[in-house]
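Each chain is listed here by its residues.
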Amino acid sequence: MFEQAMPVLAEFLSWPSPLFLLLGVLAGLVFGVLPGLGGPQVLALLLPLTFTMNSTDAIILLIGAAGAVPLGGSMTAILINTPGTPQNAATTYDGYPMTRMGKAGQAIGAAASASVFGAVIGAVILTAILPLGRHAVLAFSYPETFMMALMGLAIIALLAKGNMWKALIAAGLGLMLSTVGLDIATGTMRYTLGTYYLIDGIKLIPALIGLFAVAEAVSLLTQKASITTAKTSSSMKGVLEGVMAPFRHFGIFLRSSLIGTLIGIVPGVGGAVANFLGYAQAISTSKDKSQFGKGDIRGVIGAEAANNAKDGGALVPTLIFGIPGSLEFAVLLGALMIHGIQPGPRLMLDSPQIALVMIYALVMANIVVGVVGVLSANFLASISTVRISLVAPAVLMFALVGSYATEGHIGDVYTTIIFGLLGYVMIRYDYSRVALVIALVLGPILQQSLHQTMSAQGLVGFVNRPISLTFLLITLFILILPFVRGRGQRADTSTA
Amino acid sequence: MWLTGRALFSLLIALLMAYMVVASFDYGFRARVFPATLGSLIFFMALLQFLGDAFPAVQKKLPFLGAKGIALEGSAASHAPKDTQVRAEHERKPSWLPIYGIFAALVAFAVLLHFTSFLVAVPAFLFLFAWLVAKERLIPALGLAAGVTIFMYLIFRVILGSQF
């Protein structure tokens, strides 16, 4: 893989790739500062624009946007006490008090610096792990691929926010929806309802746009909960001092980056958990805890280093096993498929340049967003005060026209609306959209590996190979664990 | 029995799964093995969820329906200062009527887009939607419609060269 590092870097730096990176970063920053909208939404809306691009530019645009969202969200968390995304929630604890103390510039400098270097650490760890992943992938055959995908879904359900039973149902629904269309193994048309439109299955782009952009915009329109009326009136003094802060508190910064990377490796956990754990780590490892919550820069560093480092970690399962490490990367895998690149264990072997482009884009996006973010912090924060009655209709328009623009098929617009409604209902009734989307992406891989295993080895193929059997046992353990813990807790309660 | 929206949604999933399982028997063995097996499993899971949602007594007898994922257990939320509140994704549940209105408007937009051009459909829909549904004032709604249409024209027609 590394022998291609320089040629891929040259391609990465050649025009117009830097322009796409910058455009992605700007889009990500804007969506990051808008409360209620974030990475999945901006990626879903950008997807249709990548159709006319080559796969490299498409990846650069999308990773640029994904990488910029967390810092965009931290701007509003620090300046107006409103986390732009859930993964910036813990940043408000010390970021906003710093703003009230007149240290907004210092807080933003620290957030930007911790984000940039946190992402670099995540990318370095990713780069170190990938060659090992190659060996793991070579030990994989169809049963292992099937069991790995199944285990990934189980982990996502286990770690889903809220109800695990519903997350499993959502994952099952996603897998069932992935069976719509032509079954490649047998040539059978399934669930097409007699229409040509469904022969290719449910299209990912309209589904993703509906589930995230439309559902979220409708949710914002009806709730109006994310409108902020706070005005920014902060001095940007002390930015440089803030930029140097992670190096003054290097232990906190490094530990948070490592925590973020590890959280990222576990599929489906996401930046919110990394952000909280990074903050908790900053508190628990500090001798003087008295200033936390009152404007301690260590709180900002701990929270922000972790949520940016998680992207590097999230690329590990995405690249090695084709299991998205986060929702953003589920959308990214969808983009790869649209560009003819099949995610899965073979991706690392057949297209190592894709992995390199992702690493470069991740690092560069964070550097660019760090600079752009610091320079435009006040302006970005003022975007979040734009009324939802203006933002949400515009998002809806971009969602519907974007889905139509990809192939010019009106069926895509209806699909977007149907999935928008489904997404809204899932938000409302606590069903995990993450589980559904990841299942929708993994469905074809699961079915293909199931058919291949059954044809070559039969059912016994899943249990007579050690890796596959191990994954099966882990999956069963994951699925049983919460229910056993629940029984244990109830027994303790009744005893007490 | 509490036939709430939550329960109805669970029932809807169960019915969809039942339909997909029954329909799968029209396909050959290899083509149906995955959807029939998985669909049956999800049907029973969704049915139990429906029973739990509709009958609180059932929920108590099937405690696994309420089992939580472990993602946020033991997280640093406990370290949060008490005066800091992070907004939940949904703090209040609005009534369904405006939701139906929004989705009906989106379907109307799709029809308009199908029979005209996006250069007609977008400004017309956006102005009416922002003004009537989102309750925006007249002038900002007009500005939004004009601004978004020009931006879309530049992106889709000029830069991407889309013809629709």
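Every chain is numbered on its own, with residues counted from 1 as its sequence reads. Here chains are named by letter from A upward and ligands by number from 1 upward, in the order in which they appear as written. Local features in this predicted model are restricted to residues of pLDDT 70 or higher, and side-chain atom pairs are both shown and tallied only at a pLDDT of 80 or more, whereas totals for entire chains, interfaces and linings draw on every residue. Hydrogens and water molecules were not included; the side-chain quantities draw on all heavy atoms of the structure.

Visitor: Any details on the pattern of salt bridges? Residues and values, ideally.
Guide: Residues and elements named next belong to chain A. By definition here, a salt bridge exists when the distance from a side-chain nitrogen of Lys or Arg to a carboxyl oxygen of Asp or Glu is within 4 Å. Here the structure, examined in full by the defined rule, presents seven salt bridges over all chains. With a shortest N-O distance of 3.2 Å, Asp 412 and Lys 203 are connected by a salt bridge. Here Asp 412, found in helix H19 (residues 410-428), pairs with Lys 203, found in the loop between strand S2 (188-190) and helix H9 (204-223); they are 209 residues apart in sequence, far enough to count as distant. Here Asp 412 matches Lys 203 in class, with each residue buried. Secondary structure elements are defined from DSSP: runs of H or I of at least 4 residues count as helices, runs of E of at least 2 residues count as strands, and each element is numbered from the N terminus. Exposure categories follow from relative accessible area, calculated using a 1.4 Å probe and restricted to protein chains: below 20% of the type maximum is buried, above 50% is exposed, and the middle band is partly exposed.

Visitor: Could you give an account of helix H3 (residues 39-46) of chain A, with specific residues and numbers?
Guide: A large share of H3(A) lies buried, amounting to eight of its eight residues. Restricting attention to buried positions, one finds in H3(A) the residues Gly39(A), Pro40(A), Gln41(A), Val42(A), Leu43(A), Ala44(A), Leu45(A) and Leu46(A).

Visitor: Describe the environment of Glu407(A), listing the residues and the values that go with them.
Guide: Along the chain, the position of Glu407(A) falls in helix H18 (residues 388-407). Whether two residues touch is decided by their heavy atoms; if any such pair falls within 4.5 Å, the residues are in contact. When sequence neighbours within four positions are dropped, the list of residues in contact with Glu407(A) reads Lys203(A) and Asp412(A).

Visitor: An account of a nonpolar patch on the surface is requested, with residue identities and associated values reported.
Guide: All names here are of chain A. Candidate patch residues must exceed 30% relative accessible area and have no salt bridge, after which like charges are joined if within 9 Å and Val, Leu, Ile, Met, Phe, Trp or Tyr side chains if within 5 Å. Areas reported here follow the Shrake-Rupley algorithm with a probe of radius 1.4 Å; residue values treat only the protein chains shown as occluding. Together, Phe 117, Leu 240, Met 244, Phe 247, Phe 250, Leu 254 and Leu 258 make up a nonpolar patch on the protein surface, roughly 630 Å² of accessible area in all. Those elements that place two or more of their residues in the nonpolar patch are helix H10 (239-248) and helix H11 (250-265). You can see Phe 250 is positioned in helix H11.

Visitor: Outline the packing of H19(A) against helix H4 (residues 96-115) of chain B, listing residues and values.
Guide: At a minimum axis separation of 9 Å, H19(A) and H4(B) run at an interaxial angle of 170°. In this view, H19(A) runs roughly antiparallel relative to H4(B), as classed from their interaxial angle. Viewed along their axes, H19(A) and H4(B) form a crossing whose handedness is right-handed. Of H4(B), the residues touching H19(A) (which contributes Ile410(A), Val413(A), Tyr414(A), Ile417(A), Gly420(A), Leu421(A), Tyr424(A), Val425(A) and Arg428(A)) are Trp96(B), Ile99(B), Phe103(B), Leu106(B), Val107(B), Ala110(B), Val111(B), Leu113(B) and His114(B). For this classification, Asp, Glu, Lys and Arg are treated as charged, while Ala, Val, Leu, Ile, Met, Phe, Trp, Tyr, Cys and Pro are nonpolar and the rest, including Gly, are polar. Taken together, the residues that form the contact of H19(A) with H4(B) break down as 15 nonpolar, two polar and one charged. The convention used is that axes are lines fitted to C-alpha atoms, helices contributing only their stretch in contact, and that angles between N-to-C directions extend from 0 to 180 degrees. Relative orientations are named as follows: roughly parallel for angles under 35 degrees, roughly antiparallel for angles over 145 degrees, roughly perpendicular for angles from 65 to 115 degrees, and oblique for any other angle. Here is the rule for handedness: rotate from the far helix to the near one, and if that takes an anticlockwise turn smaller than a right angle the crossing is left-handed, while a clockwise turn gives right-handed.

Visitor: So what about the packing of aromatic side chains? Which residues, and what values?
Guide: Think of it this way: a Phe, Tyr or Trp ring, Trp meaning its six-membered ring, pairs with another when their centres are within 6.5 Å, and the plane angle makes it stacked under 30 degrees, edge-to-face over 60, tilted otherwise. Taken as a whole, this structure holds 14 aromatic pairs over all chains when the rule is applied. Each ring, one from Tyr431(A) and one from Phe9(B), has its centre 5.1 Å from the other, and the planes form 85°; the classification is edge-to-face. With Tyr431(A) in the loop between H19 and helix H20 (433-456) and Phe9(B) in helix H1 (residues 5-24), the pair connects residues from two separate chains. With respect to burial, Tyr431(A) and Phe9(B) carry one shared label: buried. Between Phe125(B) and Phe129(B) the ring centres are 5.2 Å apart and the planes differ by 25°, which places this aromatic pair in the stacked class. With Phe125(B) and Phe129(B) both in helix H5 (residues 118-133), this residue pair falls four residues apart, about one helical turn. Pair check on accessibility: Phe125(B) and Phe129(B) agree, each one buried. Taken together, the aromatic side chains of Tyr424(A), Tyr429(A), Tyr431(A), Phe9(B), Trp96(B) and Tyr100(B) make up a single cluster linked through ring pairs. Here Arg428(A) stacks its cationic end above the ring of Trp96(B), 4.4 Å away from the centre of that ring. Only when the NZ atom of a Lys or the CZ atom of an Arg is both within 6 Å of the ring centre and within 35 degrees of the ring normal do we say a charge sits over the ring.

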